[in-house]
Amino acid sequence: MKHWILLAAGMAALPAYAQRANTEPIPDLPLRNVPPAGEPAPAPSEWNVTLGGGMGYVPRYEGSANDRLRFMPLLEASKGHLFISPLRGIGYNFSDDRSKEYGVRLSLGHARWENADARLKGMGDIRYSAEGGAFLNLRFGPWYISSGLTTGIRGTHAELGGGMGLPVSSADRLRLGVNLNWGNGKYNQTYFGVNDQQALASGGVLTAYSASAGVKDYALTANWAHNFGKQWFSSTGFSVKRLAGSAANSPLTVRRTLSSANFLLGYRF
């Protein structure tokens, strides 16, 4: 019960912190709490909780010319088919097969704050909003495929990823992958479009622009996880993202190729 209270408190504080930090989603963070090699999976009746944090060097917003260093919380909890985390949201996995996951989830849509960068002047804030969706993840030996479809008031977007996980040693695991993200017209317009009022408010820096549906970005990712023991572990990640389509051609986009790096330290309960 204590672990659950700690996780809930951390999640409640996350949106307020994220508003101050102007955070960006990063595709190479660990998505689930994986026990060390040789350790049995937790019993379905038990809570499996991870708490931790670290630092990330990331773009101020997608397409920004500038990067920033920020704190990154790591919060994960699961019990049987139920999972909850700031990264994956609150969801339910209907599968009993560890090589196949499918289910539904409720999460927070990506927010962006006007004060994150001078180029966003006049664009206004994009605040958090609820999104609902479904996911399907498959594993074939060292290979994996991940996918998801999510929709909310800001539009619909989909993700598709794949790659491989390699056990380097009994304590180390390397994951290499590729990710692709697609957005419909409403979603891409929200984050990369500029209407007439916003263009006027920018003081002539931005011109009006209508974004259309299509692939938003694709990325190469790498993640190295090291287990210090049964409880403590570290995660080091790096990604290179390339904006595409309407996102790449937006007047908000200064850099089409974006990179990020992060390091986290976590503790399993």
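Residues numbered from 1 in each chain as written. Predicted model: local features only at pLDDT ≥ 70, side-chain atom pairs only at ≥ 80, totals over all residues. Heavy atoms only, no water.

Caption draft 1: Quick peek at the side chain of Ser202. Counting through the fold element by element, Ser202 comes out in the loop between α3 (196-201) and β10 (214-227). Owing to a relative accessible area of 4%, Ser202 belongs among the buried residues under this scheme. For Ser202, the side chain forms a polar contact with the main-chain oxygen of Ala199, separated by 2.7 Å. (Helix = DSSP H or I, 4+ residues; strand = E, 2+ residues; numbered from the N terminus. Buried < 20%, exposed > 50% of the residue type's maximum accessible area, 1.4 Å probe, protein only. Polar contact = N/O pair within 3.5 Å; in protein donor to acceptor, adjacent residues only side chain to side chain.)

Caption draft 2: Quick look at the sheet that holds strand β12 (residues 257-268). The strand order around the closed barrel built from 12 strands is β1-β2-β3-β4-β5-β6-β7-β8-β9-β10-β11-β12, with neighbouring strands paired in antiparallel fashion. This sheet shows a mean twist of 20° between the axes of neighbouring strands, independent of strand direction. With 11 bridges joining them, strand β8 (residues 155-167) and strand β9 (residues 172-183) adopt antiparallel strand pairing. In the strand pairing of β9, His157 is matched with Gly183. (Pairing = 2+ DSSP bridges. Axes fitted to C-alpha atoms, helices over the stretch in contact; angles between N-to-C directions.)

Caption draft 3: Spatial organisation of the pairing of strand β11 (residues 232-243). Note that β10 and β11 share 11 bridges and pair antiparallel. Paired with Asn223 across the strands is Gly237, a residue of β11. What sits between the antiparallel neighbours β10 and β11 is a turn of 4 residues.

Caption draft 4: Focus on the packing of aromatic side chains. The full count for this structure, using the stated rule, is 6 aromatic pairs. Judged by centre distance (5.7 Å) and plane angle (70°), the rings of Phe83 and Phe135 are edge-to-face. Separated by 52 residues along the polypeptide, Phe83 in strand β3 (residues 82-85) and Phe135 in strand β6 (residues 130-140) bring together distant segments of the chain. The same class applies to Phe83 as to Phe135, namely buried. With a centroid separation of 5.1 Å and an interplanar angle of 75°, the aromatic rings of Tyr267 and Phe269 are classed as edge-to-face. (Phe/Tyr/Trp six-rings, centres within 6.5 Å; stacked < 30°, edge-to-face > 60°.)

Caption draft 5: Quick look at the nonpolar core. Counting residues in hydrophobic clusters, the biggest one holds 10 residues: Tyr61, Ala116, Leu120, Met123, Val194, Ala199, Leu206, Tyr209, Ala211 and Leu252. Among all residues touching Tyr209, those that are not within four sequence positions of it are Gln189, Phe192, Gly193, Val194, Ser246, Asn249, Ser250 and Pro251. Formed by 8 residues, the second largest nonpolar core is a distinct cluster that contains Ile126, Tyr187, Tyr191 and Leu243. (Core = buried A, V, L, I, M, F, W, Y, C linked by side-chain atoms within 4.5 Å. Contact = heavy atoms within 4.5 Å.)

Caption draft 6: Highlighting the environment of Ser170. Within the secondary structure layout, Ser170 lies in the loop between β8 and β9. Taking the C-alpha atoms as reference, Ser170 lies 8.5 Å from Asn227; in sequence the two are 57 residues apart.

Caption draft 7: Representation of the confidence of the model for the protein within the structure. Confidence in the prediction for the protein averages 85 pLDDT; 83% of positions are at 70 or higher. Within the model, pLDDT remains below 50 along residues 2-26, and this stretch shows 50 contacts once partners closer than five positions in the same chain are excluded. Predicted confidence for residues 33-37 stays below pLDDT 50, and this span has 12 contacts to residues more than four positions away or in other chains. (pLDDT = per-residue confidence, 0-100.)

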